[in-house]
Structure formats: C-alpha cells, structure tokens
Amino acid sequence: MTVATHCPYCALQCAQTLHPTPGERLPVEVAGREFPTNRGGLCQKGWTSAEVLRASDRLTAPLLRTADDGFREADWDEALDLVASRLSALQEQHGRDAVAIFGGGGLTNEKAYALGKFARVALRTRLIDYNGRFCMSSAAAASNRALGMDRGLGFPLADLAGADAVLIVGSNMAATMPPFVQHLAGVRERGGLVIVDPRETVTAKLTRDGQGLHLAPVPGTDLVVLLALAHVVLAEGLADQEYLEERTTGLNEVRRAVAAWWPERAEGICGIPAERLRETARVLAAASPSHGGRGAYILTGRGLEQMSQGTAGVTAAINLALLLGLIGRVGSGFGPVTGQGNGQGGREHGQKSDQLPGYRMITDPLARERVAGVWGVDPDSLPGPGIPAVQLLDALGTPGGPRALLVHGSNVVVSAPHATKVVDALRRLDLLVVADTVPSETAMLADVILPVTQWAEEDGTMTNLEGRIIRRRKAVDAPGEARSELWILQQLATRLGVPTGFPTAAGEVFDELARASAGGKADYSGITYDRLDAGEELLWPVPGAGHPGTPRVFLDGFPTPDGRARLIPVDHHAPADDVRADAPIYLITGRVLQHYQSGAQTRRVAELAAAQPGPFVEMHPLLADSLAVAEGDAVRLTTARGTAEASVRLSEDTRPDTVFMPFHWAGKGSANRLTNDATDPISGMPEFKVTAVAIAPAPTREAVAR
C-alpha cells in the first residue's frame with residue numbers, strides 16, 4: 001500500500017509517495033508526487049531520503065554513558081527513570097530553571113507543541129528555545145512589528161509565476177530547495193529576476209542572458225542596497241502614494257532615514273554601482289501594480305537575516321515592499337523564505353522562548369489564561385519568557401544557569417555559532433539528554449541518548465514556507481526500540497508527577513493544538529486530520545470548522561491596532577567582526593545542494609557524501625594567488641573565535657575579497673568554529689553570515705581529513 005507524505009528536509013516540503021518494500025535493503029521506495037510547491041519534482045536529497053531510515057549507525061535502543069566514557073544499551077524504563085530522577089533532583093536543588101530544553105525546526109507541529117507544553121507544565125521551566133532562532137527569528141521579528149503577523153510567505157508559492165519582477169535578497173534556493181526554481185520561470189522570461197548575493201550562486205546565474213540582474217554587494221551590506229533602493233523609489237516619485245496613504249503609517253520617518261542613502265553614497269559602502277541600484281529600483285517599480293505592472297515580490301533569506309542587524313535588514317525589505325504597494329495585493333507581496341522543514345510551525349506552537357501555541361506571547365495575560373484553560377492548569381503556574389538560543393547555550397552549566405539540557409531535533413555542536421564554546425558549555429552540564437535518530441555530534445556528548453522515530457515512521461503535520469499545513473503519514477515501523485517524542489514526553493511527564501495531559505497519538509495532540517491556537521494569530525482551530533486527508537489546501541489562519549483557510553494574508557488589512565502596516569526607519573552598521581589587518585578577508589557561510597543543516601542525516605547517505613565528501617573553502621583565483629595556494633590545497637582559516645581547516649575550491653563566482661564555506665561538517669572542517677555569536681538585539685539571531693578571517697596554508701594536507 002502506497003503512502004502519501006512529504007520530504008523530511010526543507011520548508012518546501014515536497015510531496016512524496018512512499019512504496020513499502022518488505023524484505024528489501026530499504027523499507028520504502030520514494031517517488032515524487034504532484035503538489036503545488038514541487039509539482040512532482042524532488043531534489044537529490046529528497047530522492048535519497050529513504051537511505052536515512054536505515055543508516056548504518058541508526059539509533060535503535062536507549063544508550064547510557066558508562067564510567068569509561070563509552071555507552072551501553074538500556075531498556076526504556078531504566079533510561080527514563082534515570083532521566084526523570086536526575087531532572088527532579090536538579091530542580092529540587094537549583095530551582096525549576098535548572099533544566100532547559102532545546103528543540104528543532106524539523107519537529108512536527110504535534111511534537112513542537114508537546115515539547116513546549118512539557119517545558120511549561122511538566123518541568124515548569126521558562127528555559128526553552130530552538131534552532132529556528134538561527135533560521136527565521138529576524139524575519140519573524142521584523143514581520144511582527146511592521147505587519148502585525150509573521151507567516152513566512154503570505155501567499156502561495158505559485159503566485160510568483162505571474163510577476164514581472166522578483167527581488168531575492170540572500171537566498172540561494174536553486175541549491176537549497178531546487179524545485180522552487182520552476183516558480184521563477186515566468187519572471188525570468190520577462191527579465192525581472194533580481195538576486196542580491198556576494199557570490200554568483202546557481203540562483204544568481206539564473207539572471208544571465210537578460211533574464212534579470214545580479215547585485216554582488218560587499219558582505220554585510222545587503223541592508224545598504226535596500227536603503228538605496230528605497231531612496232530611489234522615493235526620490236524619483238516611484239512610490240505608490242495612494243497605497244501609502246490608505247494602508248501604512250510612518251512614511252515621513254522612513255523618507256528622512258533613506259534620504260541619507262543616495263546611490264553614490266551606497267556604492268561607496270556596498271560596492272554596487274549607483275546606476276545599477278537605480279536600474280534595479282526602476283525594474284521593481286515598473287513591475288508594481290501602481291505602474292501597470294503584473295506584480296512584484298520581495299523575498300528574503302538567511303544571507304540578509306543572519307546578521308547582527310538582521311531585523312533591520314528584513315524591515316528595510318518590508319519598507320521597500322510597502323513603498324511600492326506590494327503587500328496585501330494579489331499578484332504581489334513580501335515574504336521570507338523559510339529554511340527548515342517546519343521552521344514555520346515549529347515557532348508557532350510553543351518552542352520559542354517567548355511564545356505559547358497559536359503564536360501567542362507568553363507575557364500576554366489573556367494568552368496565558370486561554371492556553372492554561374486548554375491545558376487544565378492555573379495560568380499563574382506557567383513560567384514567564386525564557387532567553388534566546390545563543391544566550392541559553394552560553395548559560396549552560398554556569399552559576400545560576402541550567403544544570404541539565406534536553407535536546408530534540410537539533411545538532412548544536414555543528415549548527416550553532418562559535419561551536420567550540422558550545423561544546424565547552426555542554427560539557428559543563430550535570431545532565432545532557434539527546435533524542436535523535438543517529439549519533440550526531442551533539443548526541444555523542446550526551447549522558448543519555450534516546451532513539452526516536454523519523455518522518456516515514458510517524459504521523460503528524462508540518463507547516464511549510466507558505467503557511468500551508470500538510471500531513472506527514474506513517475509508512476513503516478521504526479527499527480528496534482525507537483519511539484516517538486510524544487511517547488517519550490508522556491512517559492517523562494508521568495514520572496515527573498504529571499500523569500495526564502500528554503497524549504501519544506498525533507491526531508489527539510493535533511486536536512488539542514488546534515483548540516489551544518484558537519483566537520491566536522496562527523489559528524489552526526478549523527483544521528482537522530479529516531480535512532487534510534480529504535485533500536483540502538489549508539493555509540493558516542483557519543479560524544473555524546467551515547473556514548477555507550487564508551492563502552493570501554493582508555488583503556483586507558493588517559492585524560495591527562489600526563489595521564495599517566508600519567514603515568519603520570532603520571540604518572546600517574558594519575558587521576560585529578569586520579575585516580581588519582590581521583583578518584582581511586570576509587567569510588560567508590551557507591549550504592550546498594547535497595547536504596542539509598548540520599549534515600547529521602545527509603552525511604550518512606553514500607550518494608550525497610560521495611558528491612560532497614568534505615569541507616571546502618571556495619575562493620576567487622586572484623585571492624588564491626595572493627595566498628600562494630591552489631585548487632585542492634589545505635588551508636587554515638582563523639577568526640577571533642577559533643580555527644578550521646578545509647581544502648581550496650577555486651571559483652570566479654566568489655568576490656576576490658570573500659570566501660565561502662558550507663557549514664555541514666564537524667571537527668576541523670566546521671565552519672561554525674569560526675562564526676560570530678554576536679546577536680541581533682531584537683531577534684537574538686547570531687551573525688553567521690559574515691565574519692573577518694585570516695587564511696594561510698595548513699601545516700599538512702592530512703590535517704583536513706583528521
């Protein structure tokens with residue numbers, strides 16, 4: 001019997017059909033399935049996704065650390081009894097916040113919801129956050145304060161096909177989510193694709209042959225590009241004045257702020273010629289409805305957002321979209337391109353340090369009362385807001401900080417900035433418990449490892465980059481003793497003295513999630529498994545059983561007190577770790593086609609590992625000549641936080657003052673040994689995307705492989 005489900009990787013959530021194959025090496029065969037986002041296509045990761053189900057080192061039994069620093073297998077009762085007793089003892093000695101939770105943007109909505117509830121009801125700790133802090137937090141903060149709501153893309157992805165112009169700032173979706181590109185075919189035919197990226201990525205190459213424009217700014221200056229575009233729109237009378245008067249506030253303040261960013265000044269900082277900036281602004285304006293165009297979209301990605309001014313960067317993108325009258329119109333819009341598979345739903349239902357289900361703020365008395373009523377607890381028993389991910393990781397094992405950490409769906413040893421400091425923090429803990437499918441680098445530091453189910457072995461829902469709720473369906477049983485997090489949390493809650501309120505059936509959890517979200521911004525109250533299984537396309541909010549969902553948000557106004565969007569003035573500052581004499585090169589980081597996030601899954605797939613077997617640093621031949629290194633040579637990269645080693649890959653796609661390094665590997669090739677944990681003051685997003693680095697030949701080539 002075939003099973004309709006979705007890919008386990010990115011937020012495109014491409015549709016798949018799984019064919020169980022009893023007795024074969026792999027338990028299922030994967031086929032693409034027609035769906036609005038992928039139209040039947042899959043990328044290389046999706047086609048090979050069944051391999052992860054039977055990884056050679058798949059975790060199949062609980063593991064406990066031994067006195068000789070190894071591991072031994074245990075049954076579930078022994079492992080969970082140990083975890084619960086240690087958690088209770090630590091909280092009794094040090095207080096409720098002695099225990100913290102770190103979640104993941106790949107967890108189903110049901111597991112994300114249960115994890116947040118477990119933190120606040122069973123542990124009663126305020127200290128929970130998740131790796132979505134490293135993904136969407138700047139975009140979320142900017143969208144909430146300017147538009148009143150954060151739903152990633154506020155429109156179906158297919159809408160992009162009709163636009164005359166699409167501006168993409170800091171996203172390389174042709175490599176990270178290839179099926180996305182088919183939605184850009186129309187705008188490319190019309191010559192309106194604009195890519196802002198320091199590298200000529202595979203996405204930027206889509207603008208060649210008259211299909212658009214590629215702007216390659218100095219790393220860390222994407223915000224300057226956006227400020228200059230807004231300057232031109234206002235200076236040349238290209239703004240949609242009627243829209244601004246009817247639907248926005250704050251125009252005069254933004255006008256004054258961008259007046260200082262005329263194109264010639266911007267060119268001196270971002271390196272984009274002034275006339276190219278003017279040309280870009282005119283392309284976008286001509287595509288906008290107020291000038292008779294088919295429509296325009298502005299999309300942002302991690303290249304803009306993973307900065308210490310990430311919230312300001314996304315705010316500038318929203319300002320530009322508002323000036324052009326794009327948001328809340330069919331055929332035009334703004335949206336950040338969510339990265340992780342459930343990066344959207346993962347933050348809507350309780351994993352984030354300051355939020356309750358339904359995208360409610362935990363500091364809101366009415367929200368606390370509403371959710372507590374569904375949970376059957378006293379609102380006053382719910383803890384207050386926690387702290388964002390970088391701050392939480394820094395606090396581990398410190399005086400007054402958490403003494404224990406539960407990790408679900410994240411590999412922070414590889415994915416967090418300043419990774420060596422994170423390792424030190426994890427080692428300070430009295431108890432580290434990691435729930436995972438494979439022995440990730442984080443799991444290998446744990447005191448207790450709990451084997452869990454993964455995508456094809458479980459039911460649930462995910463929320464993709466459009467805000468579309470989709471069904472994940474079980475196709476096969478998990479190997480060995482692997483269990484769902486829903487069961488694990490129920491078992492732990494019972495041992496912690498909370499025997500009810502943690503159902504183990506995904507459908508039952510979703511029904512409760514829907515009730516808890518009712519009336520919130522992310523209202524799922526009208527969604528049921530029956531509606532999803534019947535094939536209804538439901539994009540939130542869905543406030544009621546008969547509601548058809550909301551494919552396009554903001555058409556009738558913005559969920560702000562006065563119904564208007566807010567133009568918010570912002571300004572540029574240099575990166576927290578800017579280039580200097582002893583670190584004269586910009587380092588930028590990102591993903592490659594074959595690997596996903598920390599690589600814990602994809603590095604275990606032979607086909608993907610063969611295509612991209614190890615860490616590399618991409619640099620321009622001119623830079624390589626100045627460093628006296630050649631293709632394949634090993635180099636050592638040094639920043640203020642640490643060192644890493646990788647082999648050289650030459651490419652003219654990279655600026656001569658910049659190197660690119662993917663972050664999928666651990667050990668000496670870990671890019672996040674180098675990245676900066678300075679954070680955006682509003683979102684808590686770390687500055688992954690630019691840091692100053694010194695590069696020299698490595699002592700030995702073999703050093704890279706060790």
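About the cut-offs
- Residues numbered from 1 in each chain as written.
- Predicted model: local features only at pLDDT ≥ 70, side-chain atom pairs only at ≥ 80, totals over all residues.
- Heavy atoms only, no water.
- Salt bridge = Lys/Arg side-chain N within 4 Å of Asp/Glu carboxyl O.
- Helix = DSSP H or I, 4+ residues; strand = E, 2+ residues; numbered from the N terminus.
- Pairing = 2+ DSSP bridges.
- Axes fitted to C-alpha atoms, helices over the stretch in contact; angles between N-to-C directions.
- Domains from an automatic or database assignment.
- Expected span 1.5 Å × (residues − 1).
- Buried < 20%, exposed > 50% of the residue type's maximum accessible area, 1.4 Å probe, protein only.
- Arc of directions from axis to C-beta.
- Polar contact = N/O pair within 3.5 Å; in protein donor to acceptor, adjacent residues only side chain to side chain.

(A) Quick peek at the pattern of salt bridges. In this structure the tally under the stated criterion is 44 salt bridges. The partner of Asp97 in a salt bridge is Arg126, with the nearest N and O atoms 2.8 Å apart. Of this pair, Asp97 sits in the loop between helix H2 (76-94) and strand S6 (99-103) while Arg126 sits in the loop between helix H3 (109-123) and strand S7 (128-130), and the two are 29 residues apart along the sequence. Across the pair Arg603 and Glu441 runs a salt bridge whose closest N-O atoms are separated by 3.2 Å.

(B) A look at the sheet that holds strand S1 (residues 3-6). Overall, antiparallel pairing links the three strands, which are arranged S1-S2-S3 in an open sheet. The sheet is open, and its two borders are formed by S1 and strand S3 (28-32), each paired with just one other strand. Taking each pair of neighbouring strands and ignoring which way they run, the sheet shows an average axis angle of 35°. Looking at chain direction, S1 and strand S2 (residues 15-20) are connected through four bridges and run antiparallel. From the neighbouring strand, Thr5 faces S2, where its bridge partner is Gln16.

(C) Summary view of the domain arrangement of the protein. For the protein, the assigned domains are domain 1 (3-53), domain 2 (63-134 + 342-456 + 477-504), domain 3 (137-336) and domain 4 (585-705). Averaged C-alpha coordinates put domain 1 and domain 2 at centres separated by 28 Å.

(D) Region of interest: H2. With 19 residues, H2 should cover 27 Å at 1.5 Å per step; its first-to-last C-alpha distance of 27 Å lies within 8% of that length. Turning to H2, its buried residues are Trp76, Ala79, Leu80, Val83, Ala84, Leu87, Leu90 and Gln91. When H2 is viewed along its axis, its buried side chains cluster within an angular range of 135° and face the same direction. Residues of H2 that are exposed and point more than 90 degrees away from the buried face comprise Glu92 and Gln93. Its side-chain oxygen 3.3 Å from the backbone nitrogen of Asp77, Asp75 forms the N-cap of H2.

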